[in-house]
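# Analysis of the macromolecular model
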Amino acid sequence: MNTVTLPKAKQQSDADMQKSPKCAPAWRAPLIALVLGTAACLFLPDQVGLLTRIFIIALLVLSLDLVVGVAGLATLGHAAMFGVGAYAAGIFALHVMPDPLVGLAVGVAAGTLLAGLSGAFLLRYQGFTFLMLTVAVAQIVLSLAHKARDWTGGDDGLSGYIMGPLFGKFEFDLEGKLAAYYALGVLVIFFYIARRLVDSPFGLAVRGIHENRARMAALGTPVYKRLWSMYAIAGAFAGAAGALSAQTTAVVGLDSLSFSLSAEVLVMLILGGVGRLSGALIGATVFLLLHHTASSINPYHWLFVVGGLLMLVVLAPPAKYFKRLLVHVGISK
Amino acid sequence: MSQLLELRSLDKRFGGIHVTKSVSLKLAAGDRLALIGPNGAGKTTLVNQISGVFPSDSGEVWLRGENVTRLTQAQRVRNGLARTFQITTLAPHFAVQRQIELALFEREHLSGSLWRSIDSFPALKAEAQDLLTTFGLRSHASTPTQDLAYGEQRLIEMALAMALKPKVLLLDEPMAGVPKGDGARLLAALDALPRDLAVLLIEHDMDLVFRYATRILVLSEGAVLADGTPDEIRRDPLVRAAYLGN
């Protein structure tokens, strides 16, 4: 048998043994998100619109984290998948049927399709070339959406559709309560899926590629195939976020494909912490709450606050200092 | 004895530089072939050509009776080829055991598994722990790889290669940069490699080469200068003049 046996002197006693690394339960973080999200909806009924926006954008940032934080691919074109999912769900509701869950599936399919097609080309490149090409793809999609006025409404946006009842029973209310719970439910489900993915052998391989592409290739990992799969999955997540946006606001604008949205979600991800998934939810919440609060105080200079916070997070990562604090008080080593 | 690895007139140019020139060699099960030569002789380039990191301009690579010249790196690994790197090439933030599990999932064709948790493969987990124990790294199972001493990281390189259960192992300067104190563990690991494994070793430590290798191939300026047993190589005047000295 092809095994190695070192001399006995090199073997280690049980006393030397260290506990094996172990994954956190996949349900834990999504459950926390569900509890906090539900509590926010219950205790802040006047803010369900803002909360819905937070849940949707958190899903988009989660999708971005799969690409940037897990796979290590820096992108500035992630809004393309979001926008395509939004337009697909909106057009489907307008021309085919208004069922929200079927529409959500259509958004997921559209996001996956765009990510799959563009990823097949983009992932042949790395670094700045990849980054610039993601911007190019998003701009091409934006331009196509602008040209296809008959379908997308062009500058006026896509509107005029009314969503049907959820599960055929629950009507979307004017206050937006159902929309908030619907968005939260979808977010939590996708968050759980993301956690499962990241802690699967597939996720481990993708994280390995992020850490060291040459090593993974030497282990026999089909690097391109794994990255493409993750990119397509992230497209599904972004498409779902887009569909949620289209369904809960009943309008899709060209801004859903914009470069500024791609850049903003990247800022949110960095604010919350890259590669941890939960950071995506934290980042989206912090950014949108700041946006909401600071822009109501000063609508022209609210980005100053975000810029300052971003500098602080980049120069003094909270996780690092939190760990130092735990070490300092003797909770961690 | 049947050949596990065969190179037929392998050539590689980078622009105007002819890095490997019609290199041929054969490696059978149990062989311990050392590839030596001065810096820039084309040793690492040859390993990269064999493992499929980049294609050869001409020539063929045969692995276990199959022409793998046009196969990808991943396909060659699945055909029984493993390698280590001259400069440690690991996932620095991964816990050591996770690093080994990466190799095991690949070997078992599980890295496409999307849903099952990596903790739900007890047999592979146990195998990873056994490998760590074998290489004296069990106490570092949960330690981030980057926190280990350099010599221990070199051991992980070997453990990763062995986790793939290869038939042919390419070791690119396993002792490079290893402090004297850690060298003994690496030597023990080299000695303990399975007897039926075919090993191609690149190394500048001539004491190790002449002690370990059953055959030595000398490369100079990309071409094979000499090929023979350690005694033959030691006596070869061309090799002494070009590389070993007097």
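Attention in this report is confined to the structure presented alongside it. What you see is a predicted model, and the numbers here were worked out from it, not measured in a lab.

## Things to note about the overall build of chain A
Along chain A, the regular secondary structure elements total 14 helices and zero strands. The dimensions of chain A, computed from C-alpha atoms along their principal axes, are 75 × 45 × 40 Å. Counting every position in chain A, which comprises 333 residues, the buried fraction comes to 47%. A separation threshold of at least 6 residues defines the contact pool for chain A, and within that pool the share at least 24 residues apart is 76%.

## Re the pairing of strand 7 (residues 168-172) of chain B
Within a regular strand, side chains alternate between the sheet's two faces. Residue and element names in this part refer to chain B. Where burial is concerned, most of strand 7 is hidden: five out of the five residues are buried. As judged from the three bridges shared by strand 6 (residues 81-83) and strand 7, these two strands associate in the parallel manner. Paired with Ala-82 across the two strands is Leu-169, which belongs to strand 7. Inspection of the sheet shows strand 7 paired to strand 8 (residues 198-202) by five bridges, in the parallel sense. Bridge pairing in strand 8 links Asp-172 to Ile-202. Once you follow strand 7 into helix 6 (residues 180-191) and on to strand 8, the crossover reads as right-handed.

## Some remarks on the packing of helix 3 (residues 96-107) of chain B against helix 4 (residues 122-134) of chain B
All names here are of chain B. Between helix 3 and helix 4, the shortest axis-to-axis distance is 9 Å and the interhelical angle comes to 120°. Classed by the angle they form, the pair helix 3 and helix 4 counts as oblique. Judged by the sense of rotation from one axis to the other, the crossing of helix 3 with helix 4 is right-handed. Each of Val-96, Gln-97, Ile-100, Glu-101 and Leu-104 in helix 3 lies in contact with helix 4, whose residues at this interface are Leu-124, Glu-127, Ala-128, Gln-129, Leu-131 and Leu-132. The residue makeup of the contact of helix 3 with helix 4, split by class, is seven nonpolar, two polar and two charged.

## A short note on the environment of Asp-182 of chain B
Residues and elements named next belong to chain B. Its location among the elements puts Asp-182 in helix 6. As for Asp-182 and Gly-151, which are separated by 31 residues in sequence, their C-alpha atoms are 5.4 Å apart. Beyond its immediate sequence surroundings of up to four residues, Asp-182 is in contact with Ala-149 and Gly-151.

## Some words on the interface of chain B and chain A
Counting residues at the interface gives 52 residues for chain B and 38 residues for chain A. At the level of elements, helix 2 (73-78), helix 3, helix 4, helix 5 (150-163) and helix 6 of chain B are the ones that each hand at least two residues to the side of chain B that touches chain A. Tallying contributions element by element places helix 3 of chain B first for the side of chain B that touches chain A, with seven residues. Tallied by class, residues from the side of chain B that touches chain A come to 25 nonpolar, 16 polar and 11 charged.

## A few points about unusual backbone geometry
Here the phi dihedral of Leu-277 of chain A falls at roughly 65°; this positive angle occurs in a residue that is not glycine. For Leu-277 of chain A, the location among the structural elements is in the loop between helix 11 (259-272) and helix 12 (278-297). Of the residues examined, Leu-277 of chain A has 22 C-beta atoms within 10 Å and is grouped as buried. Here Lys-165 of chain B, not a glycine, exhibits a phi torsion of approximately 50°, which is positive. Structurally, the position occupied by Lys-165 of chain B is in the loop between helix 5 and strand 7. Residue Lys-165 of chain B is classed as partly exposed on the basis of its C-beta count, with 16 C-beta atoms lying within 10 Å.

## As for the packing of helix 12 of chain A against helix 13 (residues 302-315) of chain A
All names here are of chain A. It is the contact of helix 12 with helix 13, at a shortest axis distance of 8 Å, that shows an interaxial angle of 145°. Crossing geometry of helix 12 relative to helix 13 is assigned as right-handed. Along its contact with helix 12, which presents Phe-287, Leu-290, His-291, Ala-294 and Ser-295, the element helix 13 presents Trp-302, Val-305, Val-306 and Leu-309.

## Comments concerning the sheet that holds strand 4 (residues 58-63) of chain B
Residue and element names in this part refer to chain B. On the basis of which strands lie adjacent, the open sheet formed by four strands has the order 2-1-4-5 and antiparallel pairing. Looking along the sheet, the strands with just one partner apiece sit at the ends: strand 2 (17-28) and strand 5 (66-67). As judged from the five bridges shared by strand 1 (residues 3-14) and strand 4, these two strands associate in the antiparallel manner. Bridging across to strand 4, Leu-7 finds its partner in Val-61.

Reading guide: rules and limits
Residues numbered from 1 in each chain as written. Chains lettered and ligands numbered in written order. Predicted model: local features only at pLDDT ≥ 70, side-chain atom pairs only at ≥ 80, totals over all residues. Helix = DSSP H or I, 4+ residues; strand = E, 2+ residues; numbered from the N terminus. Buried ≥ 20, exposed ≤ 12 C-beta atoms within 10 Å, placed from the backbone. Contact = placed C-beta atoms within 7 Å. Pairing = 2+ DSSP bridges. Right-handed = clockwise from strand over helix to strand, strands pointing away. Axes fitted to C-alpha atoms, helices over the stretch in contact; angles between N-to-C directions. Parallel < 35°, antiparallel > 145°, perpendicular 65-115°, else oblique. Left-handed = near helix turned anticlockwise from the far one by under 90°. Nonpolar A, V, L, I, M, F, W, Y, C, P; charged D, E, K, R; others polar.

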